[in-house]
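A look at the structure
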Amino acid sequence: MELDEVDRAMIAELRRDARLPVATLAARVHISRANCYTRLNRLTGEGVISGFTAVVDPLKLGLSASAYVTLRLRQHSWRELRARLEAVDEIAHIALVGGSFDVILLVRARDNADLRRVVFDQLQTMPGVLDTQTFLIFEDTDTRAV
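The paragraphs below set out a description of the structure included in this document. What you see is a predicted model; the values in this text were computed from it and never measured. (Residues numbered from 1 in each chain as written. Predicted model: local features only at pLDDT ≥ 70, side-chain atom pairs only at ≥ 80, totals over all residues. Heavy atoms only, no water.)

What about the overall build of the protein?
Within the protein, the secondary structure is distributed over five helices and four strands. Taken from N to C terminus, the helices and strands of the protein fall in the order α-α-α-β-α-β-β-α-β. Here the C-alpha atoms of the protein give a radius of gyration of 19 Å, more than 25% beyond the 15 Å that 2.2 N^0.38 yields for 146 residues. With the C-alpha coordinates of the protein rotated into their principal frame, the extents come out at 55 × 35 × 25 Å. Looking at the protein as a whole, 34% of its 146 residues qualify as buried. Pairs at least 24 residues apart make up 66% of the contacts formed inside the protein by residues separated by at least 6 positions. Here the protein displays about 9700 Å² of accessible surface, and carbon together with sulfur accounts for 49% of that area. Here the protein contributes 19 positive and 20 negative side-chain charges, whose respective centroids are spaced 2 Å apart. (Helix = DSSP H or I, 4+ residues; strand = E, 2+ residues; numbered from the N terminus. Rg over C-alpha atoms; globule rule 2.2 N^0.38 Å. Buried < 20%, exposed > 50% of the residue type's maximum accessible area, 1.4 Å probe, protein only. Contact = heavy atoms within 4.5 Å. Areas by Shrake-Rupley, 256 points an atom, 1.4 Å probe, with all protein chains shown as cover. Lys, Arg positive; Asp, Glu negative; His and termini not counted. Charge placed at Lys NZ, Arg CZ, Asp CG, Glu CD.)

The following block contains the structure:
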């Protein structure tokens, strides 16, 4: 699907605030409300916008320890391991990547002891995980631009 500047502007506005009324969204991107509805339906129908969600502050949820954890995997273990990773509540994001490691995870935990438990007791003991490396996050920013 080809996106034009108006589509991209709509997406950027919705990433900043997904609860925008269509009339406000249309005004911000300088199109009619009817055109905005049509475009929004097309973007969701084509799967460009796959859903609307709340962005939460992990600190205000009591999740004060965050880290990126990389995994090196045994060859051909990704499909089996993926389901296990998705079941870990503390994992906020999973990405299969290329490079010196195979998977990178964003892990959010209550504190360092909880983070340690996730890494040592859950991730390192999973079948197919050969090695982990943990990068503590001191501060992060959630950007909303496309």
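Concerning the layout of surface pockets
Once rolled over the atoms, a probe with the size of a water molecule shows which space is left empty. In this structure, the second largest pocket spans a volume of roughly 190 Å³. Lining the second largest pocket are 14 residues, and of these Leu59, Ser64, Ser66, Ile137 and Phe138 lie nearest its centre. Of the residues contributing to the lining of the second largest pocket, the split by class is seven nonpolar, three polar and four charged. (1 Å grid on protein atoms, 1.4 Å probe; cavity = no way out; pocket = protein on both sides within 12 Å on 5 of 7 lines; lining within 4 Å. Points joined across faces, edges and corners; volume = space filled by probe spheres on them. Nonpolar A, V, L, I, M, F, W, Y, C, P; charged D, E, K, R; others polar.)

Keep in mind these values describe shape, not function.
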